[in-house]
Amino acid sequence: MEVVILNDPAAIGRVAADTIESLLTRKPDAVLGLATGSSPLAIYDELAARCAKGQVSFRGARGFTLDEYVGLPPEHPECYRNVIDSVFVSRVDFAPGAVVGPDGQATDIPAACAAYEEAIHSAGGIDLQILGIGTDGHIGFNEPGSSLASRTRIKTLTRQTRMDNARFFDDNLNAVPTHCLTQGLGTIMAARHLVLVATGHNKAEAIHHLVEGPVSAMWPATIMQHHPHATVLIDDAAARRLQLADYYRETYSSKPDWQGI
Ligand code: GLP
């Protein structure tokens, strides 16, 4: 796992955008895994700016979102499908229908989850998966206790996650859905490159477990320690509990520019 500590979200956005731009240059029909949440916004801003300048294009690319609430009406602004459209998809040049997500409206949820797995598989798998992390160590919506081999399925959100996300629902905990569909940890692990972004003090504990803790379903993101190409992009605040922070800084600063992440 490569840990990159940078001093601001914009710098994190640029490093992640560099690797996505280079992927799309090599493979214009690349498949991207897209995360919602505030953490990846700097990446999407940077990619939208580069796309406007003609530096990168998503015309041939496809996208799969990580997760979706169950039970929100499809027009609700917090439906992750609508969120990803407004923060990223509508700002770049994806072909119509090129970005899809798990169907939180489905009446047959197991069938919808199986269809989502099949769609990812038929697209050739995900080349690069963008991830945030919850304060309880979840990735996607794989809450503590999730099977480390899980595939797309329904999950019950923890109270902690619902409290964390209440800020998007006018601070009304009761308005936050109780269930979601999420790519499983096994689904996420099948992506070829994982790029996780986290900033701020409230992520420091989850980052400490992710990078330096034992692999455990209690901190689901720790499964990433088993991934052959996982990159963790964090700021100083999120890095503050890392024992080897100086080593990670030194390693990244001595890397040749051409190498990327
Ligand atoms: C939600 C999403 C996750 C995201 C997490 C962190 O729970 N399902 O994919 O990583 O929030 O969000 P933020 O980046 O806003 O802290």
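Because the structure is a prediction, the values reported are computed rather than measured.

**Structural notes on the pattern of salt bridges**
Then, number 1: One pass over the structure, following the stated rule, counts twelve salt bridges.
Then, number 2: Notably, a salt bridge pairs glutamate 21 with arginine 50, separated by 2.8 Å at the nearest N-O pair. Here arginine 50 lies in helix 2 (residues 41-52) and glutamate 21 lies in helix 1 (residues 9-26), a separation of 29 residues in the sequence. Taken individually, glutamate 21 and arginine 50 each receive the classification buried, so the pair is uniform in this respect.
Then, number 3: Among the ionic pairs, aspartate 85 bridges to arginine 81, the shortest N-O distance being 2.7 Å. With aspartate 85 and arginine 81 both in helix 3 (residues 80-87) and four residues apart, the pair spans about one turn of that helix.
Then, number 4: Overall, the relative accessible area of 25% leaves aspartate 85 in the partly exposed class.
Then, number 5: Within the structure, one salt-bridge network assembled from shared partners comprises Asp18, Glu21, Glu46 and Arg50.

**Comments concerning the packing of aromatic side chains**
Then, number 1: Counted according to the given criterion, the structure contains ten aromatic pairs.
Then, number 2: Measuring from ring centre to ring centre gives 4.8 Å for tyrosine 69 and tyrosine 80, while their planes differ by 45°; the resulting arrangement is tilted. A residue pair is termed long-range when its members are at least 10 positions apart, and tyrosine 69 in strand 4 (residues 67-69) and tyrosine 80 in helix 3 qualify at eleven residues. Just as tyrosine 69 is buried, tyrosine 80 falls in that class too.
Then, number 3: Summarising the aromatic geometry, the rings of tyrosine 247 and tyrosine 248 are spaced 6.0 Å apart at their centres and angled 55° between planes, so their arrangement reads as tilted.
Then, number 4: By relative accessible area, which is 11% here, tyrosine 248 ends up buried.

**What to know about the site of the ligand**
Then, number 1: Contacts to the ligand come from 13 residues, most closely from Ser38, Ser39, Asp67, His138 and Lys203.
Then, number 2: In the model, an oxygen atom of the ligand is placed 2.6 Å from a nitrogen or oxygen of the lysine 203 side chain.
Then, number 3: Here the ligand, which alone exposes 390 Å², has 93% of that area covered by the protein.
Then, number 4: Across the shell around the ligand, the residue classes tally to three nonpolar, seven polar and three charged.

What counts, and where the lines are drawn
Residues numbered from 1 in each chain as written. Predicted model: local features only at pLDDT ≥ 70, side-chain atom pairs only at ≥ 80, totals over all residues. Heavy atoms only, no water. Salt bridge = Lys/Arg side-chain N within 4 Å of Asp/Glu carboxyl O. Helix = DSSP H or I, 4+ residues; strand = E, 2+ residues; numbered from the N terminus. Buried < 20%, exposed > 50% of the residue type's maximum accessible area, 1.4 Å probe, protein only. Phe/Tyr/Trp six-rings, centres within 6.5 Å; stacked < 30°, edge-to-face > 60°. Near = heavy atom within 4 Å. Polar contact = N/O pair within 3.5 Å; in protein donor to acceptor, adjacent residues only side chain to side chain. Areas by Shrake-Rupley, 256 points an atom, 1.4 Å probe, with all protein chains shown as cover. Nonpolar A, V, L, I, M, F, W, Y, C, P; charged D, E, K, R; others polar.

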